[in-house]
Amino acid sequence: MTKKEFKAAMLRGLGRCVRAVEREPEKYRDLVLWACGRDIAYDTQCEGSRSWYVYTMAKAYPDTEPFVQAAEKALRKYRPNWSWDLLHLSELLLFFAQDGYASAWQALEEKYREIYAAMLARKRRPPLVFDELADLERLGLVLTTDRWAFLRIAGDFGRLYREKRYMLDGDFAWYFAVKGKKYRKTMENAAKKDENIACFMQREQAADARFKEPQKETPPESLKGVPLSRWLDINGDTETKARYAALYREEQEPVARAEALKAFFLCPYPEEPTPLIADTESACDELRFVAWRALSQIRHPAVRAFALSNIANGIRTPENFALLTANAMPEDEDFVEALLREKITAEDPDDRHWAGMTVLDAVDKDGGMKHLLPLLYEHTPCSCCRESVLRSMAEHQMLTEEILEECLNDSSDDIRRFAEKRLKR
């Protein structure tokens, strides 16, 4: 593998990179050092970080110290921002700390105290994204390695709830769901004596109770957009769907028309798609966007003809590719493959991701285009989608032992477990 190929495969999380480092460590040293200093996952919120993956590559070197130092340096320089770098860095340093690197644990503790002090000093909540809050919760998750660490951090979070009026119920919902559940008895017992822990537990339970309130069986009049569309898709009968379709058709004002069409974000529009096709050329940006989104849910010959006409006119957007893929006939499969390879060659990860998902949906629908699954495995930037591709390949008896062996070192925990089970390891 060239270094360029290695970096591309590493950004996708493919297991071949671990093997390549084990065979030729010095060839890829600078790229592994680079990965120690930043989050390299495509979508960390869904996939999780790739800290274990990078850690495994770093451990292939006789001297791990430079990789530890690279992660420590990046963590010290880190300032709260809307990214997942801190989660990657803190998880990676925890692995190193568990190997005996005291400096790694010290770096984690210093960053936790730094961000916690900033939270205590803050007077009001920011109007948009609260970066410090998100980072403090992520650090708390990483640092909670036993029940004593849980009590310390739950107490810290409870103090923030008690002293800072800007805090809202459920601000640490992720931490409460993961660690609070694990240490529930410990928390309940400690809350009887520690007012900070008691406050943490009460504020999180209050948010949890509101979240779990039973929903009405029928949608309230105020239900709009995606929630309404989800309700229609699950619960809507033919008459109800037709009523919402009529509301869209009869509306003339573009923004209001777009709002009415959002009822079909997830629920397929139940009538002829002609008005939606016309609205893809609206002068209103919002209406154009919603029309394309709603069309993607429809399986209809008119949508296929529209997509093919667009391609003939040079329109090769991800949205149009999705329409064609979802509505493709057997005679379209070679064309779809050619378009998919165009998107792979362009190396736009978002475009590749979108295209891969639409092809996978088409395969799952009726098995058509299953010959493209190995291409999706190779090029999707998202490990969650790669797992879905692998499961589809297994269903169609397309998995090889070579692919499964590579998956033993994949960046995804779920893929590694899947491969171990298939190989009976």
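Model, not experiment: these values are computed from the prediction. Along every chain, residues carry numbers that run from 1 in the direction the sequence is written. Thresholds applied to this predicted model are a pLDDT of at least 70 for local features of residues and 80 or more for the giving and counting of side-chain atom pairs; totals over whole chains, interfaces and linings are not thresholded and use all residues. The side-chain figures draw on all heavy atoms in the structure; neither hydrogens nor water molecules are used.

(A) Quick peek at the overall build of the protein chain. Working definition: helices are DSSP H or I runs of at least four residues, strands are E runs of at least two. Numbering for both runs from the N terminus. Each helix and strand in the protein chain was counted, giving 26 helices and zero strands. Principal-axis analysis of the C-alpha atoms gives the protein chain an extent of 65 × 55 × 40 Å. Residue exposure (1.4 Å probe, protein chains only): buried if accessible area is under 20% of the type maximum, exposed if over 50%, otherwise partly exposed. The proportion of buried residues among the 425 residues of the protein chain is 51%. Contact between two residues is taken to exist if any of their heavy atoms lie within 4.5 Å; hydrogens are not considered. Look at the contacts in the protein chain between residues 6 or more apart in sequence, and 67% of them connect residues 24 or more apart. Where accessible areas are quoted, they stem from the Shrake-Rupley method and a 1.4 Å probe; at the residue level, only the protein chains shown are allowed to cover. Summed over its atoms, the accessible surface of the protein chain is roughly 21700 Å², and 50% of this surface lies on carbon and sulfur atoms. His is not counted here, nor are the chain ends, while Lys and Arg score as positive and Asp and Glu score as negative. A charged residue contributes its charge at one atom only: NZ of Lys, CZ of Arg, CG of Asp or CD of Glu. Charged side chains in the protein chain number 65 positive and 72 negative. The centres of these two groups are separated by 6 Å.

(B) Looking closely at a nonpolar patch on the surface. Taken together, the side chains of W82, L128 and V129 define a hydrophobic patch exposed on the protein surface, amounting to about 400 Å² of accessible area. Residue placement: V129 occurs in the loop between α8 (102-121) and α9 (131-143). Patch membership is restricted to residues that have no salt bridge and whose relative accessible area is over 30%. Joining uses 9 Å for like charges and 5 Å for the nonpolar side chains Val, Leu, Ile, Met, Phe, Trp and Tyr. The salt bridge criterion pairs a side-chain nitrogen of Lys or Arg with a carboxyl oxygen of Asp or Glu, the two atoms within 4 Å.

(C) The arrangement of the pattern of salt bridges in detail. As enumerated under the stated definition, the model contains 34 salt bridges in all. Measuring nitrogen to oxygen at the nearest pair gives 2.8 Å for the salt bridge that ties R125 to D171. You can see R125 sitting in the loop between α8 and α9 and its partner D171 sitting in the loop between α10 (147-163) and α11 (173-182), a full 46 residues away along the chain. With relative accessibility at 12%, the residue D171 sits in the buried group. One salt bridge connects R184 with E188, and the closest N-O pair in it is separated by 3.3 Å. With R184 and E188 both in helix α12 (residues 184-191) and four residues apart, this pair spans about one turn of that helix. According to the relative accessible area criterion, E188 is partly exposed, its value standing at 27%. Because the salt bridges share partners, they merge into one network encompassing R16, E378 and E406.

(D) Summary view of helix α21 (residues 333-346). One less than the number of residues in a helix, times 1.5 Å, gives the span that helix is expected to have. Between its terminal C-alpha atoms α21 stretches 20 Å, which fits the 20 Å expected from 14 residues at 1.5 Å a residue. Those residues of α21 that fall on the buried side of the exposure criterion are V336, E337, L339, L340, K343 and I344. Projection of α21 onto a plane perpendicular to its axis shows the buried side chains occupying an angular sector of 165 degrees, all on one side. α21 presents D334, T345 and A346 as exposed residues on the side facing more than 90 degrees away from its buried surface. Looking at the buried residues of α21, the elements they touch are α19 (301-312), α20 (318-327), α22 (349-366) and α23 (373-379). Backbone geometry just after α21 places E347 at a positive phi near 60 degrees. What the arc measures is the spread of directions leading from the helix axis to the C-beta atoms.

(E) Spotlight on the nonpolar core. If you look at the biggest cluster of nonpolar residues, it comprises 128 residues, and the most contacted ones within it are F6, F172 and F200. At eight residues, helix α7 (residues 85-98) tops the list of elements feeding residues into this core. With near-sequence residues (within four places) excluded, F172 lies in contact with L133, L136, E137, F157, L160, Y161, M167, F200 and E204. Put simply, a nonpolar core is a bunch of buried Ala, Val, Leu, Ile, Met, Phe, Trp, Tyr and Cys residues held in one set by side-chain atoms that sit within 4.5 Å of each other.

(F) Summary view of a positive patch on the surface. A contiguous patch of positive charge, built from K7, R38, K73 and K77, is present on the exposed surface. We classify K7 as partly exposed; its relative accessible area is 31%.

(G) Spotlight on the side chain of N409. With respect to the secondary-structure elements, N409 resides in the loop between α25 (401-407) and α26 (413-423). We classify N409 as buried; its relative accessible area is 17%. Once residues within four sequence positions are removed from consideration, N409 is found in contact with G15, V18, R19, W52, Y53 and R416.

(H) Seen up close, the environment of Q106. Structurally, Q106 can be placed in helix α8. Sequence-wise, Q106 and E72 are 34 residues apart; in three dimensions their C-alpha atoms are separated by 9.3 Å.

(I) Unusual backbone geometry, seen in detail. With a phi angle near 65 degrees, M369 is a residue other than glycine that sits in the positive phi range. As for its placement among the helices and strands, M369 is situated in the loop between α22 and α23. Notably, Q397 is not glycine yet its phi reads approximately 55 degrees, a positive angle. Its place among the elements puts Q397 in the loop between α24 (383-395) and α25. When its relative accessible area of 75% is taken as the criterion, Q397 is described as exposed.

(J) Looking closely at the state of the cysteines. Cysteine sulfur atoms that come within 2.5 Å of each other are treated as a disulfide pair. On inspection of all chains with the given rule, the structure shows zero disulfides. Residue C36 stays outside any disulfide, its sulfur separated by 14 Å from that of C17, the closest cysteine. Given the relative accessible area of 0%, C36 is considered buried.

(K) Just helix α13 (residues 195-211), in detail. Over its 17 residues, α13 extends 24 Å from the first C-alpha to the last, a length consistent with the 24 Å expected when each residue adds 1.5 Å. Taken together, the buried positions of α13 are occupied by N196, I197, A198, C199, F200, M201, E204 and A207. The inward-facing, buried residues of α13 abut α10, α11 and α12. Pairs of N or O atoms within 3.5 Å make up the polar contacts considered here, provided that, within protein, one atom can donate a hydrogen while the other can accept it, and that residues adjacent in sequence are counted only when both atoms are side-chain atoms. Between the side-chain oxygen of the N-cap and the backbone nitrogen of N196 there are 2.8 Å, and the N-cap of α13 in question is D194.

(L) Representation of the environment of Y53 within the structure. Tracing the chain through its elements places Y53 in helix α5 (residues 51-58). Note: C-alpha distance between Y53 and D410 (357 residues apart in sequence) is 7.2 Å. Contacts of Y53, omitting those with residues within four sequence positions, involve A9, M10, G13, L14, C17, V18, I40, N409, D410 and S411. Within the local environment of Y53, its side chain forms a polar contact with the backbone oxygen of L14, the two atoms lying 2.6 Å apart.

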